[in-house]
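# Architecture and fold: a report
The residues making up each chain are set out below.
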Amino acid sequence: TDGLLLLRAMFGLDGDSLITGTLAPDAQYQNYDAIEERISSLGTLIDIDGNGNIDALTDGLLTLRYLFGLEGNPLTEGVISDDATRTSTEVIEAYLASLMSSL
């Protein structure tokens, strides 16, 4: 649910289109206003590849793949921006691990 919410937000979805079919029954945040605020508060932390842009097809997919438990090459293959500052799988995995532990 979390990864899908982030991905949808990165694609520009908001309101009901952001949350429809994605909320867990026991979710702490139950409405789109609260979820949009929470995602917005993450700011540039969700720029996973560190290129200065938050992009669904790079940062969003890296996050979603990580939350699905992918590691190594399957995590990063084909989704790191050409202008990324975090380019190695190890660095991206470490960044995502630190990000998850701080949330």
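Presented here is an overview of the structure given in this document.

Cut-offs used in this document
- Per chain, residues are indexed from 1 in the order of the written sequence.
- Owing to the predicted nature of the model, reporting of local features is limited to residues with pLDDT of at least 70; listing and counting of side-chain atom pairs is limited to 80 or more, with chain, interface and lining totals taken over all residues.
- To get the side-chain values, take all heavy atoms of the structure and skip hydrogens and water.
- Secondary structure elements are defined from DSSP: runs of H or I of at least 4 residues count as helices, runs of E of at least 2 residues count as strands, and each element is numbered from the N terminus.
- Values of the radius of gyration come from C-alpha atoms, whereas the globule rule sets the reference at 2.2 Å times the count of residues to the power 0.38.
- Relative accessibility decides the category of a residue: with a 1.4 Å probe and only protein chains considered, values under 20% of the type maximum give buried, values over 50% give exposed, and everything between is partly exposed.
- Residues count as neighbours in contact if any of their non-hydrogen atoms are within 4.5 Å of one another.
- Stacked, tilted and edge-to-face are the three classes assigned to paired rings of Phe, Tyr and Trp, where Trp is represented by its six-membered ring and a pair needs centres within 6.5 Å; plane angles under 30 degrees give stacked, over 60 edge-to-face, the rest tilted.
- A positively charged side chain is recorded as over a ring if its NZ (Lys) or CZ (Arg) lies within 6 Å of the ring centre. The angle to the ring normal must also be within 35 degrees.

Once that is clear, we can look at the overall build of the chain. Counting its secondary structure elements, the chain contains six helices and zero strands. The C-alpha atoms of the chain give a radius of gyration of 13 Å, which matches the 13 Å a tight globule of 103 residues would have. Projected onto its principal axes, the C-alpha coordinates of the chain cover approximately 35 × 25 × 25 Å. For the chain, the residues scored as buried account for 35% of the 103 residues in total. Counted over contacts in the chain with a minimum sequence separation of 6, partners at least 24 positions apart contribute 44%.

Right, let's talk about the packing of aromatic side chains for a bit. Going through the model one piece at a time under the given rule, you end up with zero aromatic pairs. Across the ring face of Tyr 95, the terminal group of Arg 86 is positioned such that the distance to the ring centre comes to 3.7 Å.

As for its placement among the helices and strands, Asp 14 is situated in the loop between helix H1 (2–10) and helix H2 (16–19). When the C-alpha atoms of Asp 14 and Tyr 32 are compared, they prove to be 7.3 Å apart, with 18 residues separating the residues in sequence.

From the geometry alone we can't say anything about function, so treat these as descriptive.
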